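# Structural overview for review
Single-letter residue listing:
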Amino acid sequence: MAEAHQAVAFQFTITPEGIDLHLSHEALRQVYLSGLRSWRKRLNRMKNSVITGVYPASPSSWLFVVIAILATMYTRSDPSMGLIAKIQEHLPVSRSLSVQSQTVLSAVLFSTALWLSLILTMRLILKQLLSYHRWMFEQHGQMSNTTRVWLALVRIFSGRKPLLYSYQGSLPHLPVPHIKDTVSRYLESVRPLLEEEQYRRMSCLAGEFERSLGPRLQWYLKLKALWASNYVSDWWEEYIYLRSRGPIMVNSNYYGMDFMYVTPTPVQAARAGNAIHACFLYRRKLNREEIKPWLIRDSVPCCSYQCERMFNSCRCPGELTDSLQHWQDSDHVAVFHRGRYFRLWLYQAGRLLSPREIQSQIQKILDDPSPPQPGEEKLGALTAGDRVPWARARKAYFSLGKNRRSLDIIEKAAFFVTLDDEEQGMMGDDPSKSLDSYAKSLLHGRCYDRWFDKSFSFVIYKNGKIGLNAEHSWADAPIVAHLWEYVLATDCFQLGYSEDGFCKGEVDPTLPAPQRLSWDIPAECREVIGQSLALAQALAEDVDFHVLPFRTFGKGRIKKCRISPDAFIQLALQLAHYRDKGKFCLTYEASMTRLFKEGRTETVRSCTTESSAFVTALEQGEDAETCRRLFRLASEKHQNLYRLAMTGSGIDRHLFCLYVVSKYLGVESPFLKEVLSEPWRLSTSQTGVQQVELFDLVNHPEYISCGGGFGPVADDGYGVSYIIVGENMINFHISCKHSSPETDAHRFGGHISQALLDILSLLTAEEPSRKAKKEL
């Protein structure tokens, strides 16, 4: 691949003697090879569509059915019970076909119909099997006979070697919970947060809603659930993400970090070469559907539809609502460095550039001395500010000419890359402070050196550290985390580096230089850029961030106490918040609903009556046995809420959709209005490690991921993301706002550490008494 003016296949000049045509054989070869690659991708996509379309059967099973039917016919038996003869009667009369040929053709048509019917039957049976969720509520290691039989049937009907999207047609639809159940669970969730009078008032509002408006809204919602793939996801994407008019930087986008203790190479261009190459290897696997579907207990599939828009996607601003644009393919990435934008082609003659070649191209960008054009340096601030000014500026100044072409290159890129001049990571005399700086840099940077609208942006720092910033509307964090785990593992353990820290491989000297994008940004547009930048900088400066690596113990020690690690951490967060603010608050924990088609997330309301009782008892000095009993009750309650959320019986998505229906109908519900306006002052999320097999933490314990995080949801609240790394470490990412006198990220981090230690001490004290009882 080359720049447009370098890859022209022919040139001609008009002379008095006529047209003088000059063909470039090399350019024609490049065009041919690039076209060949494109056709191969199309054929591969078509092949995968066929394989996925007939799953859980295989295309070769059609031939087996045809041969079986023909074989039985030659034994003078009719397996079709007369249907083959009926088909033969209705075949068009043709003199070129003998009677025997017509019989064979009729048998093939019958076999095909039978084969398709069997596929449909198997798919319906599998969908019914996947609608069974009682296994989720059974105690770990205590599987019932019913679940054993169900699990065996799931494995039988799941077929062999599924592709990434093979299960999509067999996943059940997200069920609509009963109004009564949702209202009852909601009232139970707010009981520890409200005074007696407030709770009575809310109970009256809920009862009135359940009796009057609720059933009407529920009817429309059930109607939608009958024809929609998922009754929540499209409205969630539109109204929670795309219709938000505020900045997506900090408020919506999230980030992922590099290894904590290891930087494979200090050479910026080399780290970029391996990381970008690994990312395109992942995209190749994604396009070929070679990534394994995520299976719970190695048998129960989760929805993979969010993966479809991972690459070649961009959020485009609009005055009323944004839109998500996705392109089938892209051969380049957009690169930002020192205020300049470049297009970097990643394919040459239809092949992916090697890591060493990408390093060479990146180095050319780093060595480019040209200054930014007027208005170019801080252009990215438009994506960091409010959406309406960006939408108007895009329409006014980026719809024609060179600005349109350059913007297209950024938006249609596979992803965005920032070559940052800063050094980040755990370093210096104050590692804790450096991690905080690293997190803030990934979350917002300088507010103009990331393209926050892209599906994700890679950030490569001067000292070789990397990270990413991801836009939230197209998918949730586990999807991006899967890519990130693959990139980190492939970079270090497969691609590797030479002794001098460079990428391995050779460089094609004929590679064209990266293309510098050109802009013509008028003064009026530069003024809008300045306004967006000022707003974004104020937002960024207000973010207080603290990354807390908790190394005292991890999930290994927690499991010895026979407690779910997630429940343990959530209860520790409740205790820490109570100590930090002296009160309980509405708590959000993200759960997934990917057991259902096009499922995304659901809320687990972690602050419960049981958790509040435990925290109160512990803080009031109740005896240890009482506190342990209350802790286990709270832990069981949390696990049950998590299971309900995963199996479609959560509270918040149902109430949200009922609220959307009420808006469409033009009716007001005081109950729904109050529920949807309640602030989440503690918003939490766990980043799970999905590909443990890629990392050998026993032999290489230094290759520990920092995880990732997000900004605060409420102005006076905390955002907490955590990742359980290996057996002995938990990393927390804590965010809040400096402008709130009630919050302090480092203070809250201290409370979290102490709460974890106090709860473990409480449970550890139980072990000697348990052993003594066993001896007696």
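## A closer look at the packing of helix H2 (residues 59-74) against helix H4 (residues 99-130)
Their axes nearest at 9 Å, the elements H2 and H4 cross at an angle of 130°. Between H2 and H4, the angle falls in the class oblique. Judged by the twist between their axes, the crossing of H2 over H4 is right-handed. Note on element contacts: H4 touches H2 through Gln100, Thr103, Val104, Ala107, Val108, Phe110, Ser111, Thr112, Leu114 and Trp115, opposite Pro59, Ser61, Trp62, Val65, Val66, Ile69, Leu70, Met73 and Tyr74. The residue makeup of the contact of H2 with H4, split by class, is 14 nonpolar, five polar and no charged.

## Points about the sheet that holds strand S20 (residues 708-710)
What the eight strands build is an open sheet, ordered S15-S9-S8-S12-S13-S14-S3-S20; its pairing is mixed. What marks the edges here is a single partner per strand, and that holds for strand S15 (515-516) and S20. Sitting on the sheet, helix H10 (residues 268-287) touches strand S8 (332-337), strand S12 (416-419), strand S13 (456-460) and strand S14 (466-470), and the angle it makes with S13 is about 155°. Helix-sheet contacts for helix H11 (residues 355-367) involve S8, strand S9 (340-345) and S12, and the interaxial angle to S9 is about 160°.

## Examining the nonpolar core
Ranked by size, the top nonpolar core spans 57 residues in total, and within it Phe415 and Phe458 carry the most contacts. Counting only elements with at least two residues in this core, the list comes to H10, S8, S9, H11, S12, S13, S14 and helix H15 (477-495). For Phe458, the contacting residues outside a window of four places in its chain are Ala275, Ile276, Cys279, Phe415, Phe416, Val417, Thr418, Gly467, Leu468, Trp484 and Val487. Leu217, Trp235, Leu672 and Val675 belong to the second largest nonpolar core, which has 52 residues in total.

## What about the packing of helix H9 (residues 233-242) against helix H21 (residues 652-665)?
Where H9 meets H21, the axes come as close as 11 Å, and the angle between the chain directions of the two elements is 75°. Between H9 and H21, the angle falls in the class roughly perpendicular. For the pair H9 and H21, the contacting residues are Trp235, Trp236, Tyr239 and Ile240 in the first and Arg653, Phe656, Cys657, Val660, Val661 and Tyr664 in the second. Here the residues of the contact of H9 with H21 are counted per class, giving nine nonpolar, no polar and one charged.

## A look at H11
Spanning 13 residues, H11 covers 18 Å between terminal C-alpha atoms, matching the ideal 18 Å at 1.5 Å per step. For H11, the elements touching its buried residues are H10, S8, S9, strand S11 (351-352), S12 and H15.

## Description of the pairing of S9
Counting buried positions along S9 yields six of six residues, so the element is predominantly enclosed. Alternating residues of S9 divide into Arg340, Phe342 and Leu344 and Tyr341, Arg343 and Trp345, and every residue in both groups is buried. With six bridges joining them, S8 and S9 adopt antiparallel strand pairing. If you follow Val335 over to S9, its bridge partner there is Phe342. Hairpin connection between S8 and S9: a loop of two residues separates the two successive antiparallel strands, and Arg338 in this loop has a positive phi of roughly 50°. Bridge analysis of S9 against S15 gives two bridges, and the strand direction is antiparallel. For Phe342, the partnering residue across the bridge sits in S15 and is Arg516.

## Focus: the sheet that holds strand S22 (residues 729-737)
The mixed open sheet is built from six strands, whose spatial order is S16-S22-S21-S19-S17-S18. Edge positions in the sheet fall to strand S16 (543-550) and strand S18 (601-605), since each of these pairs with one other strand and no more. Direction aside, neighbouring strands of the sheet carry axes that sit 20° apart on average. Bridging between strand S19 (residues 682-686) and strand S21 (residues 718-725) involves five bridges; their strand directions are parallel. Its bridge partner lying in S21, Ser683 is registered against Gly719. Sitting on the sheet, helix H20 (residues 624-646) touches strand S17 (587-592) and S18, and the angle it makes with S17 is about 50°. Where H21 meets the sheet, its contacts fall on S17 and S18, and the angle it forms with S18 comes to roughly 115°.

## Digging into the packing of aromatic side chains
Going through the model one piece at a time under the given rule, you end up with 40 aromatic pairs. Centroid distance Trp135 to Trp150: 5.8 Å. Interplanar angle 15°. Geometry classified as stacked. Remark: Trp150 occurs in helix H5 (residues 145-157) and Trp135 occurs in the loop between H4 and H5; sequence separation between them is 15 residues. With respect to class, Trp135 is no different from Trp150; both count as buried. Ring centres of Trp390 and Phe398 lie 6.1 Å apart, and the angle between their planes is 80°; this geometry places the pair in the edge-to-face category.

## Notes on the confidence of the model for the chain
In the predicted model, the chain carries a mean pLDDT of 90, and the fraction of residues at 70 or more is 93%. Scored below 50 in pLDDT, residues 1-10 makes 27 contacts in the model with residues more than four places away or belonging to other chains.

## Side note on the pattern of salt bridges
Counted under the stated rule, the structure contains 44 salt bridges. Here Asp449 ties to Arg446 by a salt bridge, and the two come within 3.4 Å at their closest N and O atoms. On the basis of relative accessible area, Asp449 is assigned to the buried category, the value being 2%. Take Arg446: its relative accessible area is 33%, and that puts it in the partly exposed class. With its nearest N and O atoms 2.6 Å apart, the salt bridge here joins Asp652 to Arg605. Of this pair, Asp652 sits in helix H21 while Arg605 is found in strand S18, placing the two residues 47 residues apart along the sequence. Judged by its relative accessible area of 10%, Asp652 falls in the buried class. Here the salt bridges do not stand alone but share partners, grouping Arg245, Arg315, Asp322, Arg387, Asp453 and Glu471 into one network.

## A look at the environment of Pro741
By the element assignment, Pro741 lies in the loop between S22 and helix H23 (745-764). Here Pro741 falls in the exposed class, since its relative accessible area comes to 79%.

## Regarding the pairing of S21
With eight of eight residues buried, S21 lies mostly within the body of the structure. Alternating positions in S21 separate into two faces, Tyr718, Val720, Tyr722 and Ile724 on one and Gly719, Ser721, Ile723 and Val725 on the other, with burial throughout. Sheet topology note: the S21/S22 ladder contains seven bridges and is antiparallel. Considered in S22, the bridge of Val720 is made with Ile734. Count of turn residues in the S21/S22 antiparallel hairpin: three residues, of which Gly726 carries a positive phi of about 60°.

## Quick notes on the environment of Pro549
Following the sequence through the fold, Pro549 ends up in strand S16. Spatially, the C-alpha atoms of Pro549 and Cys706 are 8.1 Å apart, while their sequence positions differ by 157 residues. Among residues more than four places away in sequence, those in contact with Pro549 are Met260, Met426, Leu435, Met729, Ile730 and Asn731.

## Considering unusual backbone geometry
Put simply, Tyr55 and Pro56 share a cis peptide bond, and its omega is 15°. In this fold, Pro56 is placed in the loop between helix H1 (25-54) and H2. Positive phi, close to 75°, is recorded for Val250, a residue that is not glycine. A residue is classified by how much of its surface remains accessible, and Val250, at 2% relative accessible area, is buried. Phi at Arg562 takes a positive value of approximately 60°, unusual for a residue other than glycine. As for its position among the elements, Arg562 is in the loop between helix H17 (555-560) and helix H18 (565-581).

The rules behind these values
- Residues numbered from 1 in each chain as written.
- Predicted model: local features only at pLDDT ≥ 70, side-chain atom pairs only at ≥ 80, totals over all residues.
- Heavy atoms only, no water.
- Axes fitted to C-alpha atoms, helices over the stretch in contact; angles between N-to-C directions.
- Helix = DSSP H or I, 4+ residues; strand = E, 2+ residues; numbered from the N terminus.
- Parallel < 35°, antiparallel > 145°, perpendicular 65-115°, else oblique.
- Left-handed = near helix turned anticlockwise from the far one by under 90°.
- Contact = heavy atoms within 4.5 Å.
- Nonpolar A, V, L, I, M, F, W, Y, C, P; charged D, E, K, R; others polar.
- Pairing = 2+ DSSP bridges.
- Core = buried A, V, L, I, M, F, W, Y, C linked by side-chain atoms within 4.5 Å.
- Buried < 20%, exposed > 50% of the residue type's maximum accessible area, 1.4 Å probe, protein only.
- Expected span 1.5 Å × (residues − 1).
- Phe/Tyr/Trp six-rings, centres within 6.5 Å; stacked < 30°, edge-to-face > 60°.
- pLDDT = per-residue confidence, 0-100.
- Salt bridge = Lys/Arg side-chain N within 4 Å of Asp/Glu carboxyl O.

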